[in-house]
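# Results of the structural survey
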Amino acid sequence: MTTKRISLALVAIAITVILIAGLDSRFSVKAGGESAPQLEGSWVDDVAIVSGPSAGLTIKNLSTYSRGGGLVTLPAGGIPPPLQSSAGHGTWIHSDGRTFTDTTLFFIYDPAGQLIATLKLHQSLTIDEGGDEYNGNSSFDVFDPAGNLIPGFSGCSTVHGRRISVE
């Protein structure tokens, strides 16, 4: 084999190993042969706001949890017009068993594009045994641009998520 063919073969093997290692499973094997559901992946969330300024409102979110603790979520409503919300960015950890917690920040802008508030969301989620759904509770607080809590703009919600699967 020529040096060029050997190099190409090594690159192909490396790409194959990276792709196989990068494939997420819905379960990871733990010591003792048990498997635990994983949060990594994309989800459709139904969020019911229980208390706070938007109590009674139900909205949908798209959330993606990445390996290593990254979180991006796109809310579909919940911020009254004409205000706008950024995508949410945050981090998550595995708490215990099938339970995970996360914290997400959203920026809220007025119609002129000026930052007027930051919404901080804390969630606790429990994945079902099949690994394709979760339920949880959330609390949120709203802060002014200087980081001061805005009274009357805190609340809580419930969430039910369904994993987005390849079809």
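See the structure shown above.
The notes below deal with the structure included here. Here the structure is a predicted model, which means the values were calculated and not measured. All residue numbers here refer to positions counted from 1 along the written sequence of the relevant chain. Given that this is a predicted model, residues contribute local features only at a pLDDT of at least 70 and side-chain atom pairs are listed and counted only at 80 or more, while totals for whole chains, interfaces and linings are drawn from all residues. Based on all heavy atoms of the structure, the side-chain values leave hydrogens and waters out of the count.

### Looking at the environment of Asp46
To keep things clear, this is the line we draw: Segments assigned H or I by DSSP are reported as helices when at least four residues long, segments assigned E as strands when at least two residues long, and all are numbered from the N terminus. A contact between two residues is defined here by any heavy atoms of the two lying within 4.5 Å. Any N or O atom pair separated by 3.5 Å or less is treated as a polar contact, with the protein-specific requirement of one donor-capable and one acceptor-capable atom, and with residues adjacent in sequence counted only for side-chain atom pairs.
As for its position among the elements, Asp46 is in strand β3 (residues 41-51). C-alpha separation for the pair Asp46 and His160, spaced 114 residues apart in sequence, amounts to 5.3 Å. Filtering out sequence-adjacent residues up to four positions away, Asp46 remains in contact with Ile59, Lys60, Thr158, Val159, His160 and Arg162. At 2.5 Å, the side chain of Asp46 forms a polar contact with the side chain of Lys60. A polar contact is formed between the side chain of Asp46 and the side chain of Arg162, at a distance of 2.7 Å.

### Thoughts on the pattern of salt bridges
This is how the line gets drawn: Any carboxyl oxygen of Asp or Glu that lies within 4 Å of a side-chain nitrogen of Lys or Arg is treated as forming a salt bridge with it. Residue exposure (1.4 Å probe, protein chains only): buried if accessible area is under 20% of the type maximum, exposed if over 50%, otherwise partly exposed.
Following the criterion strictly, the structure yields three salt bridges and no others. A salt bridge links Asp46 to Lys60; its shortest N-O distance comes to 2.5 Å. You can see Asp46 sitting in strand β3 and its partner Lys60 sitting in strand β4 (residues 58-65), a full 14 residues away along the chain. What makes Asp46 partly exposed here is its relative accessible area of 24%. Of the charged contacts, one joins Asp132 and Arg163 as a salt bridge, the two residues approaching to 3.5 Å between their closest N and O atoms. Residue Asp132 is found in the loop between β9 (115-127) and β10 (133-143), and its partner Arg163 is found in strand β11 (residues 155-163); the two are separated by 31 residues along the sequence. For Arg163, a relative accessible area of 12% gives the class buried. Among the charged side chains, a network of salt bridges with common partners joins Asp46, Lys60 and Arg162.

### Some remarks on the side chain of Ser63
Structurally, Ser63 can be placed in strand β4. Residue Ser63 is classed as buried on the basis of its relative accessible area of 3%. Only 2.8 Å separates the side chain of Ser63 from the side chain of Asp45, close enough to count as a polar contact. Side-chain polar atoms of Ser63 contact the side chain of Thr73, separated by 2.9 Å.

In short, geometric facts, not functional conclusions.
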